[in-house]
Amino acid sequence: MKNILLLGGTGFVGRHVCEQLQRAGHRMTVTTRHIKRASAVQHLPLVTVQVADIHNPDTLAQLVAGHDVVINLVAILHGNEAAFERAHVTLAHTIAQACQRSGVRRLIHISALGAATDGPSMYQRSKARGEAVLQAAGLDLTVLRPSVIFGEGDRFLNLFARLQKALPLVPLAGADTRFQPVWVEDVAQTVLHAVNTPDTVSQTIELVGPDVFTLRELVQMTGRTAGCPRPVLGLPRAIAYFQALAMELAPGEPLMSTDNLNSMEVDNVASPAAAGMPTQASWGIAPASLRAVLPTYIGPVAGGQGPRNRLLRLRSNGRWQ
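What counts and how
Counting restarts for each chain: residues are numbered from 1 in the order of the written sequence. This being a predicted model, a pLDDT of at least 70 is required before a residue's local features are given, and a value of 80 or more before pairs of side-chain atoms are given or counted; all residues contribute to the totals for chains, interfaces and linings. To get the side-chain values, take all heavy atoms of the structure and skip hydrogens and water. Working definition: helices are DSSP H or I runs of at least four residues, strands are E runs of at least two. Numbering for both runs from the N terminus. Put simply, the radius of gyration uses C-alpha atoms, and a globule should come to 2.2 Å times the residue count raised to 0.38. Each residue's exposure class comes from its accessible area (1.4 Å probe, protein chains only) as a fraction of the maximum for that residue type: buried when under 20%, exposed when over 50%, partly exposed otherwise. Residue contacts are counted whenever heavy atoms from the two residues lie within 4.5 Å of one another. Think of it this way: Lys and Arg go in the positive column, Asp and Glu in the negative one, and His and the chain ends go nowhere. A single reference atom marks each charge: NZ on Lys, CZ on Arg, CG on Asp, CD on Glu. Pairing of aromatic rings covers Phe, Tyr and Trp, the last through its six-membered ring, and needs centres within 6.5 Å; plane angles under 30 degrees mean stacked, over 60 mean edge-to-face, and all others mean tilted. The criterion for strand pairing is that DSSP finds at least two bridges linking the strands in question. Axis geometry follows a simple rule: fit a line to the C-alpha atoms, using only the stretch in contact for helices, then measure angles between N-to-C directions, giving values from 0 to 180 degrees. A side-chain nitrogen of Lys or Arg and a carboxyl oxygen of Asp or Glu constitute a salt bridge if their distance falls within 4 Å. Residues belong to a common nonpolar core when they are buried Ala, Val, Leu, Ile, Met, Phe, Trp, Tyr or Cys residues joined through side-chain atoms within 4.5 Å.

Let's hear about the overall build of the protein chain: which residues, and what values?
Across its full length, the protein chain holds 11 helices and 13 strands. Against the 2.2 N^0.38 benchmark of 20 Å for 321 residues, the protein chain shows a C-alpha radius of gyration of 19 Å, consistent with a compact globule. When the 321 residues of the protein chain are sorted by exposure, 52% land in the buried category. In the protein chain, once contacts between residues fewer than 6 apart in sequence are set aside, the share between residues at least 24 apart is 76%. For the protein chain, the distance from the average position of its 29 positive side-chain charges to the average position of its 23 negative side-chain charges is 8 Å.

How would you explain the packing of aromatic side chains if you had to name every residue and give the values?
Summed over all chains, the structure comprises four aromatic pairs. Relative to Phe 160, the ring of Phe 156 lies with its centre 5.4 Å away and its plane at 65°, an arrangement referred to as edge-to-face. With respect to class, Phe 156 is no different from Phe 160; both count as buried. Look at Phe 156 and Phe 179: their rings are 6.3 Å apart centre to centre, the planes differ by 50°, and that puts the pair in the tilted class.

If you had to explain the sheet that holds strand S11 (residues 204–207) to someone new, which residues and values would you point to?
With parallel pairing, the seven strands of this open sheet are ordered in space as S3-S2-S1-S4-S5-S6-S11. The open sheet has two edge strands with one neighbour each: strand S3 (47–51) and S11. Sheet twist, expressed as the mean angle between neighbouring strand axes with direction ignored, is 20°. Across four bridges, strand S6 (residues 140–146) lies against S11 in parallel orientation. Across the sheet, Val 143 pairs through a bridge with Thr 204, a residue of S11. Sheet strands touched by helix H1 (residues 12–24): strand S1 (3–7), strand S2 (27–32) and strand S4 (69–72). Its angle to S1, the strand with the most contacts, is close to 170°.

Please give an account of the pattern of salt bridges that cites residues and values.
According to the stated counting rule, one finds 10 salt bridges in the structure shown. Between Arg 129 and Glu 85 there is a salt bridge, and its shortest N-O distance comes to 2.7 Å. With Arg 129 in helix H4 (residues 122–135) and Glu 85 in helix H3 (residues 81–102), this residue pair connects regions lying 44 residues apart in the sequence. A residue is classified by how much of its surface remains accessible, and Arg 129, at 29% relative accessible area, is partly exposed. Residue class for Glu 85 comes out partly exposed when judged on its relative accessible area of 29%.

Which residues make up the nonpolar core, and what are the values?
Within the largest apolar cluster, 33 residues are counted, with the highest numbers of intra-cluster contacts made by Leu 6, Leu 21, Met 28 and Ile 71. Listed by contribution, the elements that provide at least two residues to this core are S1, H1, S2, S3, S4, strand S5 (106–110), helix H6 (184–196) and S11. Top element by residues in this core is H6. It accounts for seven residues. The residues touching Leu 6, leaving out its near neighbours within four places in the chain, are Gly 14, Val 17, Cys 18, Leu 21, Met 28, Thr 29, Val 30, Thr 31, Ile 71 and Leu 73. Val 148, Val 170, Leu 235 and Leu 294 belong to the second largest nonpolar core, which has 31 residues in total.

Could you give an account of the environment of Thr 94, with specific residues and numbers?
Locating Thr 94 in the fold gives a position in helix H3. Once the C-alpha coordinates of Thr 94 and Leu 141 are considered, the two residues, 47 residues apart in sequence, prove to be 15 Å apart. Contact partners of Thr 94, with chain neighbours within four places excluded, come to Ile 54, His 55, Pro 57 and Leu 60.

Go over the environment of Thr 31 with me, naming the residues and quoting the values.
Its location among the elements puts Thr 31 in strand S2. Overall, Thr 31 belongs to the buried group, its relative accessible area being 5%. Counting along the chain gives 21 residues from Thr 31 to Thr 10, while the straight-line C-alpha distance between them is 7.8 Å. Not counting the four nearest positions on each side in its chain, Thr 31 is found in contact with Leu 5, Leu 6, Leu 7, Gly 8, Thr 10, Gln 50, Ile 54 and Leu 63.

Provide a residue-level description of the environment of Ile 110, including the pertinent values.
Within the secondary structure, Ile 110 is located in strand S5. In this structure Ile 110 comes out as buried when scored by relative accessible area, which is 8%. Along the chain, Ile 110 and Val 191 lie 81 residues apart, while their C-alpha atoms are 8.8 Å from each other. Those residues in contact with Ile 110 that sit more than four places away from it in its chain are Asn 72, Leu 73, Lys 127, Leu 144, Pro 146 and Val 191.

Spelled out as structure tokens, the structure:
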């Protein structure tokens, strides 16, 4: 059993990671700024929720102390350059310093497929700079770079399902951009493997599914699965920009931003450089097919029978399998 600190553990990926670590018998401290955001994990028997500002260096150093492993899941998809810098680069500095001050060497960092210092988006460039900060810190580091992540509770394919239920057609920016989606349970299992396996130190791995789809194909597949297929209208770049800008300026969290659009200038698939890297298969993990998983949480046959709902029922009944 390890004692693990999860930063960003209340989000979509974090909830699944917590459940994988729970099954494996690891104890976890999950940080949050607001206790309500931890509702999905705070009833897990091996989870302790800690309300804290992890951007404060002294606070984070105190949190890191006494743990065996730190897992960094913190990421944002929308914001200006300062926001990306704070979430992906400055926080990486703070994490590295906290680990060094506390004598905790083991760090698992969730980056992003396509992270590059010369990437077209602020998101991609800031993710690359954050990786570089941690690589230079001299820690026992494992870096995971997932493609777009799908699964029960995602804000990706579920969004396309909702749009097709509400609209007669889907105007789509970046329709021809290619993606290699990876199932959230496979991502969580890979994190667990990294926790349990010392040989993964100093390794970087790209997390992708077995199939490549254009964004148009993903939207169409989601519509068919949800029982509400709609025509998909690919938008020219200029029109797509103004659509993304309008969404970015609207109140609330945007569905799309101009930075998201910039990210889609490059395909989000396994890179040629990955040929020399470890893979999920070499770690004993066979990534699931999107076609097989999608009907389990989207569409009339899903019926709320996904893994999250099963675990919620077990929690409420006080039973674990």
